[in-house]
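Next come the chains, spelled out residue by residue.
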Amino acid sequence: MKWIYSVSLAVTLAMQPAFANELFGQHPLTPEARDAFVTDLLKKMTLDEKIGQMRLITVGPENTKDVIRGMIKDGQVGAIFNTVTRPDIRAMQDQVMQLSRLKIPLFFAYDVVHGQRTAFPIPLALASSWDLDAIATVGRISAYEAADDGLNMTWAPMVDVTREPRWGRVSEGFGEDTWLTSEMGRAMVESMQGKSPADRYSIMTSVKHYAAYGAVEGGRDYNTVDMSPQRLFQDYLPPYKAALDAGSGGVMVSLNAINGVPATSNSWLLKDILRDEWKFKGITISDHGAIKELIRHGVASDPQDAVRVAVKAGVNMSMSDEYYSRYLPELVKNGAVTEQEIDDATRHVLNVKYDMGLFNDPYSHLGPKESDPVDTNAENRLHRTQARDVARKSIVLLKNRLETLPLKKSGTVALIGPLADSHLDMIGSWSAAAVAAQSVTLRQGMSNALANKATLLYAKGANVTDNKGIIDFLNLYEQAVQIDTRSPQALLDEAVATAKKADVVVLAIGEARGMVHEASSQTNIIIPDSQQKLIDAVKATGKPLVLVLMNGRPLALVKEDQQADALLETWFSGTEGGNAIADVLFGDYNPSGKLPMSFPRSVGQIPMYYNHLNTGRPYNYLVPNKYTSHYYDEANGPLFPFGYGLSYTRFSLSDVKMSGSTMSREGSVTASVTVTNTGKRDGATVVQLYLNDQVASISRPVKELKGFKRIMLKAGESQTVSFKIDKSALMFWNAQMQQVAEPGKFSVMIGLDSAKTVNSEFTYL
């Protein structure tokens, strides 16, 4: 790919500020060499210098650059986050090399979640692609741009499995499924870290939030989690393990409590599982201010006690508080914390710095000063082609009545909606250093597509919400939502007049990006009232209506589904979102995305997820029975199921063909289907494999995703898709907390979504 530059930017230490230190040289990047080096370095460090390495400092009002300069001189800083330009990063590394005693390099970190300067679609949208090559592209480019800014680590990927759309942080993850999240997280780690996080254009990942943060009660951020060990190990822990097996050097500890124990004080999570069972050698980092919060959790009596609890639990690095430096010296002096415990934590910090190659070259991700970009936000630093391609793959077609889509590039098209021309919302939350003004809005994208071919009309139609309390909340720290000061009726009148002039209406509705973010949990998941009124008014014109959704969570869309002729889920599509959506709207790209989360009909159905356990009285909608597990006041089941997504063409599946009817203990079977594109357009789809353990020692899910393959078929073309099934796909945690695969019959279900499948079975001997 042309964005992978072959030019070597290796920098000799002679080109950097002069420093002479025996720590630096060409150290082999092997565990053995690292362990010997770090052991020797620890012997040279004072207690205060060790504690300093355990501190992660943010640049901001509470820590000005002058204050940080003093802390660096005294060896009281191990790493910096929220500094994202080469000159600033170089200046801080210079201070270490020029002022500190041992000159132990800093590392620099940032939330590079779905791109650094190029915003790719939000992670929930990336999961909709079901395309591991696309994920790898996002990871490689994100790492390239982050490293090119001088960064060494990212707080990503987020692999919190969640079945809770009320949770604001659902947008940061890969959805409700353990298998899909594990595959996406693994691909992101491997692509961001490359062969080594020490490489010039690779960065180290810090998988988050360990553990089970996506299961917070009521979807309320920072809330508690209470679940059985079986569910924790079966559904929630595997994605973290997959990311660590892929090589992630860091783990960010979650803010929630699990079964009454906050993760930041949970030695079972941080030592017994992470270190002893999983053999993790990297670094554990608290979330922002989490050590202070142990007092309010009620597991520490005061700040000093909070530090003691966190260190003993296994938190190596404290993010953005002063507690470690303030209280650890006294805790060691009085024996409440041992110096061996300090050594263990410091060792993990130094380990990742070694793995980052910083002891070979503290400036390895900076290059020579002369190479700094003249314009940090220069257009040529972006990767628009790849962003557009990934965004198109992430879009999900939910409805297309009478082939309303794709639209013709002729006549008059009306584009209406509060999100139709929003640069900021297009890039989504956690968009790192992306500049909103560089994003392509839907209005711009459609204008590009229709240039000199058709007339495009535009009206805002409504504000994203008319609720002043919500507007004030969203704008608390930044001007996140721009409000049109015209009356709601004036906006509606303009929208209706615009719609009446058009042959078809595209309505861009959904959420502002700030509505789906940290601390943005909500009690309902419906389109805001101001936008519902807009849909009603435009629908009343009788014009064909295409709803383009921009959002970061599953929404309850029963009425909107009934009103729309076509419904397109675009999430927050990133820097090239407007062009990508226009490509799909006008048929230049055939949509192929599949939902990574079930869409409930109402908030009352939550939690709604496909791989639930059965009950003794399961509901059968074909043969309804009063005394079964269901709601009587609403249709049961999701509005749109997990794995669902339409295309502009049609696909058919053959019956499942099994390679055998039985499978031996260490053997395997292969399940195959033939997929045919029966429509008139070329298109891609995702073939999904689900399994069910029919009889087991504990109740097992009705189905579980165990494989998927994205394929491209020309019109009329067929392809046989095969899945190998072995013992690993059958294993689960039993009541004795043993991971087992039990003999018996297994159902095999293959489909283009989780609801409609072709089925077979085999017996595991």
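Since we're looking at a predicted model, the values are computed, not measured.

### Quick word on the side chain of Thr 118
Here comes step 1: Take Thr 118: it is sitting in the loop between β3 (107-110) and α5 (123-129).
Here comes step 2: With relative accessibility at 0%, the residue Thr 118 sits in the buried group.
Here comes step 3: Here His 383 takes part through its backbone nitrogen, which lies 2.9 Å from a polar atom of the side chain of Thr 118.
Here comes step 4: Not counting residues within four places of it along the chain, the set of residues in contact with Thr 118 comprises Glu 145, Arg 381, Leu 382, His 383, Ala 387 and Thr 575.

### Some details on the sheet that holds strand β13 (residues 455-459)
Here comes step 1: Here we have 6 strands laid out as an open sheet, ordered β11-β16-β15-β14-β12-β13, and mixed in their pairing. The open sheet has two free edges, formed respectively by β11 (396-400) and β13, since each of these has just one partner strand. The average angle at which neighbouring strand axes cross in this sheet is 20°, direction not considered.
Here comes step 2: Direction of pairing for strand β15 (residues 545-550) relative to strand β16 (residues 566-569): parallel, over a ladder of 4 bridges. When the sheet's bridge partners are listed, Val 546 is paired in β16 with Ala 566.

### Overview of the domain arrangement of the chain
Here comes step 1: For the chain, the assigned domains are domain 1 (47-367), domain 2 (390-596) and domain 3 (651-764).
Here comes step 2: Measuring from the centre of the C-alpha atoms in domain 1 to the corresponding centre in domain 2 gives 35 Å.
Here comes step 3: Taken together, the 39 residues of domain 1 in the interface contact 35 residues of domain 2.
Here comes step 4: Contact between domain 1 and domain 2 buries roughly 2,800 Å² in total, counting both sides, with carbon and sulfur atoms accounting for 59%.
Here comes step 5: Of all residues in domain 1, the largest losses of buried area upon contact with domain 2 belong to Ser 128, Pro 165 and Arg 166, amounting jointly to 18% of the total for that side.

### A short note on the UniProt feature "domain: Fibronectin type III-like" (unreviewed entry) in the chain
Here comes step 1: Look at the UniProt record and you will see "domain: Fibronectin type III-like" (unreviewed entry) annotated at residues 685-754.
Here comes step 2: With 0% helix and 57% strand, residues 685-754 has its two end C-alpha atoms placed 14 Å apart.

### Describing the packing of aromatic side chains
Here comes step 1: Tallying each qualifying case throughout the model produces 20 aromatic pairs.
Here comes step 2: When the centroid spacing of 6.3 Å and the interplanar angle of 75° are considered together, the rings of Phe 81 and Trp 155 count as edge-to-face. Taken as a pair, Phe 81 in strand β2 (residues 79-81) and Trp 155 in the loop between β4 (153-154) and α7 (178-193) lie far apart in primary sequence, 74 residues in all. In this pair, the class of Phe 81 matches that of Trp 155, namely buried.
Here comes step 3: Arranged with centres 5.5 Å apart and planes meeting at 25°, the rings of Phe 640 and Tyr 644 form a pair that is stacked.
Here comes step 4: According to the relative accessible area criterion, Phe 640 is buried, its value standing at 5%.
Here comes step 5: The ring of Tyr 609 carries the charged tip of Arg 163 above its face, separated from the ring centre by 4.2 Å.

### Remarks on the environment of Gln 688
Here comes step 1: Tracing the chain through its elements places Gln 688 in strand β21 (residues 683-693).
Here comes step 2: Residues Gln 688 and Arg 710 lie 22 residues apart in sequence; the distance between their C-alpha atoms is 8.7 Å.
Here comes step 3: Residues contacting Gln 688, with those up to four places away along its chain left out, are Trp 130, Lys 594, Gly 643, Leu 705, Gly 707, Phe 708, Met 749, Ile 750, Gly 751, Leu 752, Asp 753 and Ser 754.
Here comes step 4: From its side chain, Gln 688 meets the backbone oxygen of Gly 643 in a polar contact 3.1 Å long.
Here comes step 5: A distance of 3.0 Å separates a polar side-chain atom of Gln 688 from the backbone oxygen of Leu 752.

### Quick look at empty space enclosed by the protein
Here comes step 1: Scanning the entire structure with this criterion turns up 2 cavities of 30 Å³ or more.
Here comes step 2: What lines the largest cavity is simply Leu 691, Asn 692, Asp 693, Arg 700, Pro 701, Glu 704, Lys 706, Ala 729, Leu 730, Met 731 and Phe 746.
Here comes step 3: Sorting the residues of the lining of the largest cavity by element identifies β21 and β22 (704-713) as the ones contributing at least two each.
Here comes step 4: Of all the elements, β21 adds the most residues to the lining of the largest cavity, at 3 residues.
Here comes step 5: In the lining of the largest cavity, the residues fall into 6 nonpolar, 1 polar and 4 charged.
Here comes step 6: Space inside the second largest cavity adds up to approximately 30 Å³.
Here comes step 7: Looking at the second largest cavity, the residues that line it are Ile 89, Gln 93, Leu 106, Phe 108, Gly 150, Asn 152, Leu 358, Pro 362, Tyr 363, Ser 364, His 365 and Leu 366.
Here comes step 8: Tallied by class, the residues present in the lining of the second largest cavity amount to 7 nonpolar, 5 polar and no charged.

### Examining the sheet that holds strand β26 (residues 744-751)
Here comes step 1: Read across the open sheet, the 5 strands follow the order β19-β27-β26-β21-β22; overall the sheet is mixed. The sheet is open, and its two edges are formed by β19 (662-663) and β22, each paired on a single side.
Here comes step 2: Bridge count between β19 and strand β27 (residues 757-764): 2 bridges; the pairing is parallel. When the bridges of β27 are listed, Met 663 appears paired with Tyr 764.

### Observations regarding unusual backbone geometry
Here comes step 1: Looking along the chain, the bond that leaves Lys 208 and enters His 209 is cis, with omega of -10°.
Here comes step 2: Cis rather than trans, the peptide bond between Ile 606 and Pro 607 has omega equal to 5°.
Here comes step 3: Position of Pro 607 relative to the elements: it lies in the loop between α22 (577-585) and β17 (651-653).
Here comes step 4: A positive phi angle is found at Lys 103, which is not glycine, with a value near 55°.
Here comes step 5: Look at Lys 103 and you get buried, because its relative accessible area is 15%.

Definitions and limits used
- Residues numbered from 1 in each chain as written.
- Predicted model: local features only at pLDDT ≥ 70, side-chain atom pairs only at ≥ 80, totals over all residues.
- Heavy atoms only, no water.
- Helix = DSSP H or I, 4+ residues; strand = E, 2+ residues; numbered from the N terminus.
- Buried < 20%, exposed > 50% of the residue type's maximum accessible area, 1.4 Å probe, protein only.
- Polar contact = N/O pair within 3.5 Å; in protein donor to acceptor, adjacent residues only side chain to side chain.
- Contact = heavy atoms within 4.5 Å.
- Pairing = 2+ DSSP bridges.
- Axes fitted to C-alpha atoms, helices over the stretch in contact; angles between N-to-C directions.
- Domains from an automatic or database assignment.
- Buried area = accessible area lost by both parts, 1.4 Å probe.
- UniProt positions renumbered as here; feature names shortened; annotations may be inferred.
- Phe/Tyr/Trp six-rings, centres within 6.5 Å; stacked < 30°, edge-to-face > 60°.
- Lys NZ or Arg CZ within 6 Å of the ring centre and 35° of its normal.
- 1 Å grid on protein atoms, 1.4 Å probe; cavity = no way out; pocket = protein on both sides within 12 Å on 5 of 7 lines; lining within 4 Å.
- Points joined across faces, edges and corners; volume = space filled by probe spheres on them.
- Nonpolar A, V, L, I, M, F, W, Y, C, P; charged D, E, K, R; others polar.

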